[in-house]
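A structural walkthrough
Each chain is listed here by its residues.
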Amino acid sequence: MPGRPWLGYLRPHPGSETPAWLRLFIAAVSGAALSFSYTGFYLGIYSWVCVGILLVVLFGASPRLAYACGFLHGICFVLTSVPWIAEVLSVHGGLSRAGGWGVLLLIASVWAAANGAATWTINRLSRRSITLACFGAPFLWVSLEMFRTWLPEISFPWNLLGYPAAANGALVQLTTITGIYGLSFLVAAFNALLAWSDADTRHSPKRRLAILLSAAALVVVIMMAGPRFVPTPSANHIARAVQLNFPEADEYPSDWFTQHASDLAEVQRLSLAPSAHHPDLLVWPEAPAPFSFQDSQFAYLASNLAIHFQHPFIVGVVEWKPETVSTGGKSHAIMAPYNSALMFDAQGHRVFSYDKVHLVPFGEYEPFPLIHRVVTNVSSEVGGFRKGTKYSVGQFSSGNSYGVFICYEAIYPGEIRRFAANGAQLFVNISNDGWFGHSAAAEQHLRMARVRAVENRRWIVRTTNSGITASIDPYGRIFRPLPKDVRAAADLPYDFRTDKTIYTRFGDWFAWLCVLVSAILLGLTFRKAV
């Protein structure tokens, strides 16, 4: 005899409806529990079950209650997985603690609203068929992640569902075909199967359990045995990565270079220290320092350092470029700032620059000019950087090519793949993660950057101001020799690759396919059942 769903056992009386408060409570707890896969011990198991628990509470609920469950799940997940956003805004963004949490709540509400739309659609599909709802759930989940990725101006695809699974050396290889969205689909599909095995009472409990356990066993076998078959690439080059560990600062005095002469002497010593590894690339991170080629002090320092190192030197800077603006009907020239990366060759010549394309909203620029007055009333510390326009690829004297992406850009798979598509044989990621303090953000950031290496089969040399500095091979192995919050240098292995993966060639084709299927499924919910 078919068994009833486990939620049925929590009803106060046989045959009665599950109370709305109970559904909402379970949705909230599952959202908070999901964050355990992204913080603390990074227990990936939660990502494989928490969404399934959410799906179960949708079945049998009203569409309005289903939306509320998805919304509450999203709110709780954001508040528990990225609470550091509030801290960064209050400590470094000029906001009060209440203001920081208010902005975080606003971000959480946007995510949660999209969550609610997905759960509302799944609930309506379940009225036709539990099987149809569970079939559609992974497509809708990936569409939700695409919304977070492509949301105009304030997109933030941080902590996608597939990232905990990407920690496994075998599963992450799927991303060479589908990008991270394929892993999100896989995990969401298992969650949907979990929900189906509980809720679809048309089949016997024994059969449903057998299907679920078979799928779980297959995943476990792949996760345990698969990494043994992942190749280990050779690294024929070494990069000297210098973790500057400069303290975070909101402004710089005019005599900054004089005040920090001893610090600069130390990092130059670290850069030029003899090594048996014979590094052929020097990388400094994006840093809280007034590094600018337009400053003659820094221009001399960088050029001289490259000459003494006798190999290319990549460093994060603020570039100042002339720009004409109109004020009160009159045009005048100003110098506009760009968050940039420069490369100096062994002769000390500046030969490459890249201007950051995807800036951090509310941190590096104001995403909505219409709220300029509100933002400046709350904080005067919102950056005024200009956006770059090209995914530039540089070339070393050897003929090998490279692409540099800066900080937050690492979380955008569709943008990073453009560097490889444009011919980059090596990725260099420079970042200042010191703003995150001692939160989980730096580790989360590294774990997401790692997937960019696998998606495109490229080595990544990743240099940060205060950690986590590492190199990542094209199959996702991380070499991270430096602890956080220390000033030190590490010799990191790397190499060049010329092959192009399916994801590099075709980008987010799988994710857009999921969006198409989701649109069809949404249309079905408005058709009358025959």
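Residues numbered from 1 in each chain as written. Predicted model: local features only at pLDDT ≥ 70, side-chain atom pairs only at ≥ 80, totals over all residues. Heavy atoms only, no water.

Digging into the overall build of the chain
Counting its regular elements, the chain contains 18 helices and 12 strands. In terms of overall size, the chain behaves like a compact globule, its C-alpha atoms giving a radius of gyration of 25 Å where 530 residues would be expected to give roughly 24 Å. By principal-axis analysis of the C-alpha atoms, the chain measures approximately 80 × 60 × 35 Å. Considering the chain as a whole, with its 530 residues, one finds that 54% of them fall into the buried category. Restricting the contact set of the chain to residue pairs at least 6 apart, pairs at least 24 apart contribute 72%. Here the chain displays about 22800 Å² of accessible surface, and carbon together with sulfur accounts for 63% of that area. (Helix = DSSP H or I, 4+ residues; strand = E, 2+ residues; numbered from the N terminus. Rg over C-alpha atoms; globule rule 2.2 N^0.38 Å. Buried < 20%, exposed > 50% of the residue type's maximum accessible area, 1.4 Å probe, protein only. Contact = heavy atoms within 4.5 Å. Areas by Shrake-Rupley, 256 points an atom, 1.4 Å probe, with all protein chains shown as cover.)

Regarding empty space enclosed by the protein
All chains considered together, the criterion is met by three cavities of 30 Å³ or more. Quantified by volume, the largest cavity comes out at close to 130 Å³. Contributing elements (two or more residues each) for the lining of the largest cavity: α3 (63-81), α5 (97-126) and α6 (130-150). Here the residues of the lining of the largest cavity sort into nine nonpolar, four polar and two charged. In this structure, the second largest cavity occupies an estimated 50 Å³ of space. Around the second largest cavity, the lining residues are Thr149, Trp150, Tyr412, Pro413, Gly414, Glu415 and Asp508. Per element, the largest residue contribution to the lining of the second largest cavity is three residues, and it comes from helix α15 (residues 413-421). Its residues placed into classes, the lining of the second largest cavity shows three nonpolar, two polar and two charged. (1 Å grid on protein atoms, 1.4 Å probe; cavity = no way out; pocket = protein on both sides within 12 Å on 5 of 7 lines; lining within 4 Å. Points joined across faces, edges and corners; volume = space filled by probe spheres on them. Nonpolar A, V, L, I, M, F, W, Y, C, P; charged D, E, K, R; others polar.)

Things to note about the sheet that holds strand β1 (residues 237-243)
Ordered by their spatial adjacency, six strands build an open sheet running β5-β4-β3-β2-β1-β12, and the pairing between neighbours is mixed. Two strands in the sheet have a free side with no partner beyond their single neighbour: β5 (350-355) and β12 (488-494). On average, each strand axis in the sheet is inclined to that of its neighbour by 35°, with strand direction left out of account. When strand β2 (residues 281-283) meets strand β3 (residues 313-327), the two strands line up parallel, connected through two bridges. Across the sheet, Leu282 pairs through a bridge with Phe313, a residue of β3. Seen against the sheet, helix α12 (residues 261-272) touches β1, β2 and β12 and runs at an angle of roughly 165° to β1. The sheet strands contacting helix α13 (residues 296-309) are β1, β2, β3 and β4 (330-344), and the helix crosses β3 at an angle near 150°. (Pairing = 2+ DSSP bridges. Axes fitted to C-alpha atoms, helices over the stretch in contact; angles between N-to-C directions.)

Describing helix α4 (residues 84-91)
Taking burial as the measure, the eight residues of α4 include six buried ones, the bulk of the element. All buried positions along α4 are accounted for by Trp84, Ile85, Ala86, Val88, Leu89 and Ser90. Here the buried face of α4 lies against α3, α5 and α16 (441-456).

Let's talk about unusual backbone geometry
In the segment running from Gly467 into Ile468, the intervening peptide bond is cis, with an omega of 15°. For Ile468, the location among the structural elements is in the loop between β9 (460-464) and β10 (470-472). Its identity as a non-glycine residue notwithstanding, Tyr42 has a phi of 55°, on the positive side. You can see Tyr42 is positioned in the loop between α1 (20-34) and α2 (45-58). Judged by its relative accessible area of 17%, Tyr42 falls in the buried class. A positive phi angle, close to 60°, is found at Asp485, a residue other than glycine. Within the fold, Asp485 resides in the loop between β11 (478-479) and β12.

What about the environment of His438?
Following the sequence through the fold, His438 ends up in the loop between β8 (427-431) and α16. For the pair His438 and Asp255, spaced 183 residues apart in the sequence, the C-alpha separation amounts to 30 Å.

A look at the packing of aromatic side chains
Counted according to the given criterion, the structure contains 35 aromatic pairs. Aromatic side chains Tyr67 and Phe71 sit 6.4 Å apart centroid to centroid with 25° between the ring planes, which places their arrangement in the stacked category. Of this pair, Tyr67 and Phe71 both sit in helix α3, separated by four residues, roughly a single helical turn. Look at Tyr67 and you get partly exposed, because its relative accessible area is 31%. With a relative accessible area of 28%, Phe71 lands in the partly exposed category. Ring geometry for Tyr408 versus Tyr412: centroids 5.4 Å apart, planes at 75°, classification edge-to-face. Of the residues examined, Tyr412 reaches a relative accessible area of 2% and is grouped as buried. Taken together through their ring pairs, the aromatic side chains of Phe246, Trp256, Phe257, Trp284, Phe291, Phe293, Phe298, Phe313 and Phe344 make up a single cluster. The cationic tip of Arg148 hangs over the ring face of Trp111; the distance from NZ or CZ to the ring centre is 3.8 Å. (Phe/Tyr/Trp six-rings, centres within 6.5 Å; stacked < 30°, edge-to-face > 60°. Lys NZ or Arg CZ within 6 Å of the ring centre and 35° of its normal.)

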